[in-house]
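Chain by chain, the residues run as shown.
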Amino acid sequence: NAGVMQNPRHLVRRRGQEARLRCSPMKGHSHVYWYRQLPEEGLKFMVYLQKENIIDESGMPKERFSAEFPKEGPSILRIQQVVRGDSAAYFCASSPGQVNSGNTIYFGEGSWLTVV
Amino acid sequence: TQLLEQSPQFLSIQEGENLTVYCNSSSVFSSLQWYRQEPGEGPVLLVTVVTGGEVKKLKRLTFQFGDARKDSSLHITAAQPGDTGLYLCAGAVLTGGGNKLTFGTGTQLKVEL
(Lines give C-alpha, C1' and ligand atoms only; values in the text may rest on other atoms or scores of the structure.)
Protein backbone atom coordinates (compact mmCIF):
# COMPACT_ATOMS: atom_id res chain seq x y z
CA ASN A 1 0.00 0.00 0.00
CA ALA A 2 2.28 2.68 -1.36
CA GLY A 3 4.79 2.65 1.50
CA VAL A 4 2.73 3.70 4.52
CA MET A 5 3.91 1.32 7.22
CA GLN A 6 1.76 0.38 10.16
CA ASN A 7 2.53 -1.89 13.09
CA PRO A 8 1.48 -4.03 14.62
CA ARG A 9 -0.81 -5.53 12.00
CA HIS A 10 -2.75 -7.38 14.64
CA LEU A 11 -3.02 -6.59 18.33
CA VAL A 12 -4.99 -8.30 21.07
CA ARG A 13 -5.59 -6.49 24.33
CA ARG A 14 -7.60 -7.28 27.42
CA ARG A 15 -10.16 -4.77 28.60
CA GLY A 16 -8.47 -1.99 30.55
CA GLN A 17 -5.09 -2.32 28.86
CA GLU A 18 -3.47 0.21 26.58
CA ALA A 19 -3.06 -0.12 22.83
CA ARG A 20 -0.39 1.73 20.85
CA LEU A 21 -0.52 1.76 17.09
CA ARG A 22 2.36 3.09 15.04
CA CYS A 23 2.49 4.60 11.60
CA SER A 24 5.40 5.66 9.44
CA PRO A 25 4.19 7.79 6.52
CA MET A 26 5.47 7.54 2.99
CA LYS A 27 8.83 9.15 2.40
CA GLY A 28 8.41 12.86 1.89
CA HIS A 29 4.91 12.98 3.38
CA SER A 30 4.39 15.27 6.34
CA HIS A 31 0.60 14.93 6.64
CA VAL A 32 -0.76 11.95 8.56
CA TYR A 33 -4.34 10.82 9.09
CA TRP A 34 -5.90 8.11 11.23
CA TYR A 35 -9.15 6.41 10.30
CA ARG A 36 -11.16 3.72 12.06
CA GLN A 37 -13.22 1.02 10.38
CA LEU A 38 -15.65 -0.76 12.64
CA PRO A 39 -17.06 -4.14 11.57
CA GLU A 40 -19.69 -3.68 8.87
CA GLU A 41 -19.13 0.09 8.86
CA GLY A 42 -17.28 2.50 6.65
CA LEU A 43 -14.04 4.34 7.22
CA LYS A 44 -14.43 7.15 9.74
CA PHE A 45 -11.96 10.00 10.12
CA MET A 46 -10.34 10.31 13.52
CA VAL A 47 -7.46 12.78 13.43
CA TYR A 48 -5.20 14.72 11.08
CA LEU A 49 -1.67 15.64 12.09
CA GLN A 50 1.36 17.36 10.71
CA LYS A 51 4.78 17.14 12.29
CA GLU A 52 4.40 17.95 16.00
CA ASN A 53 0.92 19.41 15.49
CA ILE A 54 -2.63 18.11 15.70
CA ILE A 55 -4.52 19.93 12.97
CA ASP A 56 -7.97 18.34 13.23
CA GLU A 57 -9.09 15.90 15.90
CA SER A 58 -12.80 16.29 15.31
CA GLY A 59 -13.24 12.54 14.85
CA MET A 60 -11.44 11.44 17.99
CA PRO A 61 -13.45 10.16 20.94
CA LYS A 62 -13.23 12.67 23.77
CA GLU A 63 -11.71 10.25 26.24
CA ARG A 64 -9.03 7.55 26.17
CA PHE A 65 -7.82 8.29 22.64
CA SER A 66 -4.81 10.41 21.77
CA ALA A 67 -2.50 10.84 18.80
CA GLU A 68 0.88 12.36 18.18
CA PHE A 69 3.30 12.84 15.33
CA PRO A 70 6.65 13.79 16.84
CA LYS A 71 9.45 15.54 15.05
CA GLU A 72 11.35 12.27 14.94
CA GLY A 73 9.74 8.87 14.66
CA PRO A 74 6.38 7.49 13.69
CA SER A 75 2.92 8.76 14.42
CA ILE A 76 1.30 7.02 17.39
CA LEU A 77 -2.38 6.41 18.05
CA ARG A 78 -2.84 5.55 21.70
CA ILE A 79 -5.94 4.05 23.23
CA GLN A 80 -6.01 3.85 27.00
CA GLN A 81 -8.19 1.48 29.04
CA VAL A 82 -9.50 -0.28 25.97
CA VAL A 83 -13.07 -1.57 25.86
CA ARG A 84 -14.65 -4.15 23.56
CA GLY A 85 -16.16 -1.41 21.43
CA ASP A 86 -12.65 -0.29 20.47
CA SER A 87 -12.19 -3.49 18.47
CA ALA A 88 -11.74 -2.30 14.91
CA ALA A 89 -9.30 -1.82 12.08
CA TYR A 90 -7.28 1.36 12.44
CA PHE A 91 -5.82 2.78 9.25
CA CYS A 92 -3.11 5.35 8.91
CA ALA A 93 -2.72 7.39 5.76
CA SER A 94 -0.34 10.06 4.56
CA SER A 95 -0.13 12.73 1.91
CA PRO A 96 2.56 15.10 0.65
CA GLY A 97 0.36 18.14 1.10
CA GLN A 98 -3.14 19.28 1.86
CA VAL A 99 -5.99 17.23 0.46
CA ASN A 100 -7.87 20.39 -0.47
CA SER A 101 -5.01 21.24 -2.79
CA GLY A 102 -5.62 18.05 -4.76
CA ASN A 103 -3.08 15.86 -3.01
CA THR A 104 -3.76 12.15 -2.80
CA ILE A 105 -3.94 10.24 0.45
CA TYR A 106 -2.28 6.83 0.58
CA PHE A 107 -3.27 4.24 3.14
CA GLY A 108 -1.36 1.68 5.12
CA GLU A 109 -2.47 -1.90 5.50
CA GLY A 110 -4.07 -1.25 8.86
CA SER A 111 -3.78 -2.41 12.43
CA TRP A 112 -6.49 -4.79 13.63
CA LEU A 113 -7.24 -4.34 17.30
CA THR A 114 -9.18 -7.01 19.15
CA VAL A 115 -10.21 -6.38 22.74
CA VAL A 116 -11.03 -9.49 24.74
CA THR B 1 -26.70 11.92 7.54
CA GLN B 2 -24.08 10.40 5.25
CA LEU B 3 -22.12 13.00 3.35
CA LEU B 4 -21.30 10.66 0.46
CA GLU B 5 -23.86 8.11 -0.66
CA GLN B 6 -22.78 5.21 -2.80
CA SER B 7 -25.07 2.98 -4.80
CA PRO B 8 -25.62 0.18 -5.11
CA GLN B 9 -24.47 -1.04 -1.71
CA PHE B 10 -24.07 -4.61 -2.96
CA LEU B 11 -23.62 -5.91 -6.48
CA SER B 12 -23.25 -9.50 -7.62
CA ILE B 13 -22.69 -10.04 -11.32
CA GLN B 14 -21.36 -12.59 -13.78
CA GLU B 15 -17.98 -12.37 -15.43
CA GLY B 16 -18.11 -10.30 -18.58
CA GLU B 17 -20.92 -8.00 -17.49
CA ASN B 18 -20.61 -4.24 -17.23
CA LEU B 19 -21.46 -2.25 -14.11
CA THR B 20 -21.57 1.29 -12.79
CA VAL B 21 -21.13 2.45 -9.21
CA TYR B 22 -22.36 5.89 -8.19
CA CYS B 23 -21.13 8.29 -5.54
CA ASN B 24 -23.39 11.24 -4.76
CA SER B 25 -23.38 14.19 -2.42
CA SER B 26 -24.92 17.60 -1.93
CA SER B 27 -21.47 19.00 -1.10
CA VAL B 28 -18.88 20.26 -3.54
CA PHE B 29 -15.51 18.52 -3.46
CA SER B 30 -12.11 19.90 -4.34
CA SER B 31 -11.07 16.37 -5.28
CA LEU B 32 -12.49 12.90 -5.19
CA GLN B 33 -10.67 9.61 -4.89
CA TRP B 34 -11.69 6.04 -5.56
CA TYR B 35 -10.22 3.15 -3.61
CA ARG B 36 -10.60 -0.61 -3.63
CA GLN B 37 -10.30 -2.58 -0.41
CA GLU B 38 -9.81 -6.31 -0.03
CA PRO B 39 -10.67 -8.13 3.23
CA GLY B 40 -7.92 -7.67 5.79
CA GLU B 41 -6.14 -5.00 3.78
CA GLY B 42 -6.07 -1.24 3.55
CA PRO B 43 -7.74 0.80 0.81
CA VAL B 44 -5.71 0.91 -2.37
CA LEU B 45 -5.94 4.05 -4.47
CA LEU B 46 -7.42 3.64 -7.95
CA VAL B 47 -7.72 7.23 -9.13
CA THR B 48 -7.93 10.88 -8.08
CA VAL B 49 -10.18 13.27 -10.00
CA VAL B 50 -9.91 16.99 -9.51
CA THR B 51 -11.58 18.86 -12.39
CA GLY B 52 -15.34 19.00 -12.89
CA GLY B 53 -16.33 16.85 -15.87
CA GLU B 54 -13.03 14.98 -15.79
CA VAL B 55 -12.94 11.44 -17.14
CA LYS B 56 -10.09 9.06 -16.34
CA LYS B 57 -9.58 5.57 -17.65
CA LEU B 58 -7.63 2.80 -15.98
CA LYS B 59 -7.74 -0.27 -18.25
CA ARG B 60 -11.36 -1.49 -17.96
CA LEU B 61 -12.28 1.09 -15.32
CA THR B 62 -13.66 4.51 -16.27
CA PHE B 63 -14.04 7.22 -13.64
CA GLN B 64 -16.04 10.40 -14.10
CA PHE B 65 -16.26 13.48 -11.89
CA GLY B 66 -19.50 15.42 -12.19
CA ASP B 67 -19.47 18.87 -13.73
CA ALA B 68 -20.48 20.43 -10.42
CA ARG B 69 -17.96 18.28 -8.51
CA LYS B 70 -20.70 16.85 -6.32
CA ASP B 71 -20.81 13.34 -7.71
CA SER B 72 -18.75 10.68 -9.41
CA SER B 73 -19.16 7.35 -11.10
CA LEU B 74 -17.05 4.27 -11.67
CA HIS B 75 -17.81 2.10 -14.68
CA ILE B 76 -16.25 -1.33 -15.11
CA THR B 77 -16.36 -2.98 -18.51
CA ALA B 78 -16.31 -6.76 -18.86
CA ALA B 79 -15.94 -7.43 -15.16
CA GLN B 80 -13.61 -10.19 -14.03
CA PRO B 81 -13.46 -12.16 -10.76
CA GLY B 82 -10.33 -10.19 -9.88
CA ASP B 83 -12.47 -7.05 -9.71
CA THR B 84 -14.23 -8.41 -6.64
CA GLY B 85 -13.82 -6.14 -3.65
CA LEU B 86 -15.14 -3.15 -1.73
CA TYR B 87 -15.12 0.04 -3.78
CA LEU B 88 -14.97 3.28 -1.84
CA CYS B 89 -15.28 6.84 -2.99
CA ALA B 90 -13.82 9.57 -0.80
CA GLY B 91 -13.91 13.31 -1.19
CA ALA B 92 -12.24 16.39 0.20
CA VAL B 93 -15.04 18.87 0.89
CA LEU B 94 -14.24 22.21 -0.72
CA THR B 95 -15.31 24.46 2.12
CA GLY B 96 -15.79 23.74 5.79
CA GLY B 97 -14.75 20.14 5.56
CA GLY B 98 -11.21 20.52 6.68
CA ASN B 99 -8.23 18.92 5.01
CA LYS B 100 -9.38 15.34 5.23
CA LEU B 101 -11.19 12.76 3.15
CA THR B 102 -14.76 11.80 3.89
CA PHE B 103 -15.60 8.29 2.76
CA GLY B 104 -18.69 6.98 1.10
CA THR B 105 -20.71 4.04 2.33
CA GLY B 106 -18.97 1.61 -0.04
CA THR B 107 -20.08 -0.78 -2.77
CA GLN B 108 -19.34 -4.45 -2.26
CA LEU B 109 -18.82 -6.03 -5.68
CA LYS B 110 -18.72 -9.75 -6.33
CA VAL B 111 -17.93 -11.04 -9.79
CA GLU B 112 -18.63 -14.71 -10.33
CA LEU B 113 -17.44 -17.07 -13.03
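Residues numbered from 1 in each chain as written. Chains lettered and ligands numbered in written order. Predicted model: local features only at pLDDT ≥ 70, side-chain atom pairs only at ≥ 80, totals over all residues. Heavy atoms only, no water.

A. Structural view of the overall build of chain A. Looking only at helices and strands, chain A has 0 helices and 11 strands in total. Reading chain A from its N terminus to its C terminus gives the helix and strand order β-β-β-β-β-β-β-β-β-β-β. At 13 Å, chain A has a C-alpha radius of gyration in line with the 13 Å of a compact globule built from 116 residues. Principal-axis analysis of the C-alpha atoms gives chain A an extent of 40 × 25 × 25 Å. Taking all 116 residues of chain A together, the buried fraction comes to 44%. In chain A, of all internal contacts separated by at least 6 residues, the share reaching a separation of at least 24 is 53%. Accessible area for chain A stands at about 5700 Å²; split by element, carbon and sulfur atoms hold 45% of it. Averaging the locations of the 15 positively and 11 negatively charged side chains of chain A gives two centres separated by 5 Å. (Helix = DSSP H or I, 4+ residues; strand = E, 2+ residues; numbered from the N terminus. Rg over C-alpha atoms; globule rule 2.2 N^0.38 Å. Buried < 20%, exposed > 50% of the residue type's maximum accessible area, 1.4 Å probe, protein only. Contact = heavy atoms within 4.5 Å. Areas by Shrake-Rupley, 256 points an atom, 1.4 Å probe, with all protein chains shown as cover. Lys, Arg positive; Asp, Glu negative; His and termini not counted. Charge placed at Lys NZ, Arg CZ, Asp CG, Glu CD.)

B. Structural detail: the environment of A:Lys71. All names here are of chain A. Along the chain, Lys-71 falls in the loop between strand E7 (65-68) and strand E8 (75-79). C-alpha of Lys-71 to C-alpha of Glu-52: the two residues are 19 residues apart in sequence and 5.7 Å apart in space. When residues no more than four places from it in sequence are discounted, the contact partners of Lys-71 are Lys-51 and Glu-52.

C. Seen up close, the side chain of A:His31. Residues and elements named next belong to chain A. Counting through the fold element by element, His-31 comes out in strand E4 (residues 31-37). Exposure remark for His-31: the relative accessible area of 6% places this residue in the buried category. In this structure the side chain of His-31 is engaged in a polar contact, spanning 2.6 Å, whose partner is the side chain of Tyr-48. Sequence-distant contacts of His-31, that is, excluding residues within four places in its chain, are made with Tyr-48, Leu-49, Gln-50, Ala-93, Ser-94, Ser-95, Pro-96, Gly-97 and Gln-98. (Polar contact = N/O pair within 3.5 Å; in protein donor to acceptor, adjacent residues only side chain to side chain.)

D. Spotlight on the interface of chain B and chain A. If you look at the interface, chain B gives 23 residues, while chain A gives 24 residues. Counting the surface lost from both chain B and chain A, the interface buries some 1800 Å², and carbon and sulfur atoms represent 50% of this. A salt bridge links A:Asp56 to B:Lys100, with the shortest nitrogen-to-oxygen separation between them at 3.0 Å. Elements with a minimum of two residues in the side of chain B that touches chain A: strand E4 (29-37), strand E5 (44-49) and strand E9 (85-93) of chain B. Of the residues that constitute the side of chain B that touches chain A, the class distribution is 11 nonpolar, 10 polar and 2 charged. (Buried area = accessible area lost by both parts, 1.4 Å probe. Salt bridge = Lys/Arg side-chain N within 4 Å of Asp/Glu carboxyl O. Nonpolar A, V, L, I, M, F, W, Y, C, P; charged D, E, K, R; others polar.)

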